[in-house]
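One-letter residues, chain by chain:
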Amino acid sequence: QVQLVESGGGLVQAGDSLTLSCAASGLKFTDYAMGWFRQTPGKEREFVANAKWNEGKTTIAESLRGRFTVSRDNAKNTVYLVMNRPGPEDTAVYYCVAGTIFRPNTALMEDFPYWGQGTQVTVSS
């Protein structure tokens, strides 16, 4: 059974960095692209970032480039999302995802069959 468990969410002041982690189990980690989506109430889930299985390639949503970075540690079966200079607009539930499709410029929800339960990030101004 595949499990993706997010951690690191919470309340953060605008401008303070925050790192989310996602520990994966039940899958061969290096066969999967790992990434993040987010969702705010009343809106569709939005692609944030993902990292290809073992080539060091990453994709960041265009609007978040320069502030957010994604990385993975294949030895720990963990993917990370570093949020630099977050603002209130980054307040959302952040979901960890796993899938076998990696697109160079974006990602689609249907690319990822596995989803975590989500972790709430609230950025106060």
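Each remark here, short or long, concerns the structure printed above.
No experiment lies behind these values; they were computed from the predicted model shown. (Residues numbered from 1 in each chain as written. Predicted model: local features only at pLDDT ≥ 70, side-chain atom pairs only at ≥ 80, totals over all residues. Heavy atoms only, no water.)

### Looking at unusual backbone geometry
Rules: Only DSSP runs of H or I covering at least 4 residues are called helices, and only runs of E covering at least 2 are called strands; the numbering of each starts at the N terminus.
Positive phi is not limited to glycine here, since Asn77 has a value of about 50 degrees. Mapping Asn77 onto the fold places it in the loop between β7 (68-73) and β8 (78-83). We note that Arg85 has phi near 50 degrees; this positive angle belongs to a residue other than glycine. With respect to the element layout, Arg85 can be found in the loop between β8 and β9 (92-99).

### Notes on the pairing of strand β11 (residues 119-124)
The test is simple: A simple rule labels every residue: compare its accessible area, found with a 1.4 Å probe on the protein chains alone, to the largest value its type can have, and call it buried under 20%, exposed over 50%, or partly exposed in between. Here, strands pair whenever DSSP counts at least two bridges between them.
Side chains Thr119, Val121 and Val123 project from β11 onto a buried face, and the interleaved Gln120, Thr122 and Ser124 project onto a face without burial. In this sheet, β11 lies alongside strand β2 (residues 10-13) in parallel orientation, the contact comprising 4 bridges. Directly across from Gly10, in β11, lies its bridge partner Val121. Bridge analysis of β9 against β11 gives 3 bridges, and the strand direction is antiparallel.

### Structural notes on the sheet that holds strand β3 (residues 18-25)
Stated precisely, the cut-off is as follows: Here an axis means a line fitted to C-alpha atoms, over the contact stretch when the element is a helix, while the angle between two N-to-C directions is reported on a 0 to 180 degree scale.
Read across the open sheet, the 4 strands follow the order β1-β3-β8-β7; overall the sheet is antiparallel. Looking along the sheet, the strands with just one partner apiece sit at the ends: β1 (3-7) and β7. Put simply, the sheet's adjacent strands are angled 15 degrees from each other on average, direction ignored. Bridge count for β3 against β8 is 6 bridges, and the pairing is antiparallel. In the sheet register, Ala23 faces β8, and the bridge partner there is Thr78.

### Some points on the pattern of salt bridges
Note the threshold: Every case where a carboxyl oxygen of Asp or Glu lies within 4 Å of a side-chain nitrogen of Lys or Arg is listed as a salt bridge.
This model, assessed by the stated rule, comprises 4 salt bridges. Glu46 is the salt-bridge partner of Arg38, the closest N and O atoms lying 2.8 Å from each other. The exposure class assigned to Arg38 is buried, which follows from its relative accessible area of 7%. In this structure, the salt-bridge partner of Asp90 is Arg67, at a minimum N-O distance of 2.8 Å. One end of the pair, Asp90, is in the loop between β8 and β9; the other, Arg67, is in the loop between β6 (58-60) and β7, and 23 residues separate them in sequence. Across the pair, exposure class does not vary: Asp90 and Arg67 are buried alike. Ionic contacts of the salt-bridge type, sharing partners, join the residues Arg38, Glu46, Arg67 and Asp90 into one network.

### Some words on the packing of aromatic side chains
Inclusion rule: Stacked, edge-to-face and tilted labels apply to pairs of Phe, Tyr and Trp rings (six-membered ring for Trp) whose centres lie within 6.5 Å, assigned for plane angles under 30 degrees, over 60, and everything in between, in that order. Here, over-ring charges are defined by two tests on the NZ atom of lysine or the CZ atom of arginine: distance to the ring centre within 6 Å, and angle to the ring normal within 35 degrees.
This model, assessed by the stated rule, comprises 5 aromatic pairs. Their ring planes at 50 degrees and their centres at 5.1 Å tell us that Phe37 and Trp115 sit as a pair that is tilted. One end of the pair, Phe37, is in strand β4 (residues 33-39); the other, Trp115, is in strand β10 (residues 114-115), with 78 residues separating them in the sequence. Judged by relative accessible area, Phe37 falls into the buried class, the value being 2%. Overall, Trp115 belongs to the partly exposed group, its relative accessible area being 23%. These aromatic residues form a ring-pair network of at least three members: Phe37, Phe47, Tyr95, Phe112 and Trp115. Taking the ring centre of Tyr95 as reference, the NZ or CZ of Arg45 above it sits at 3.8 Å.

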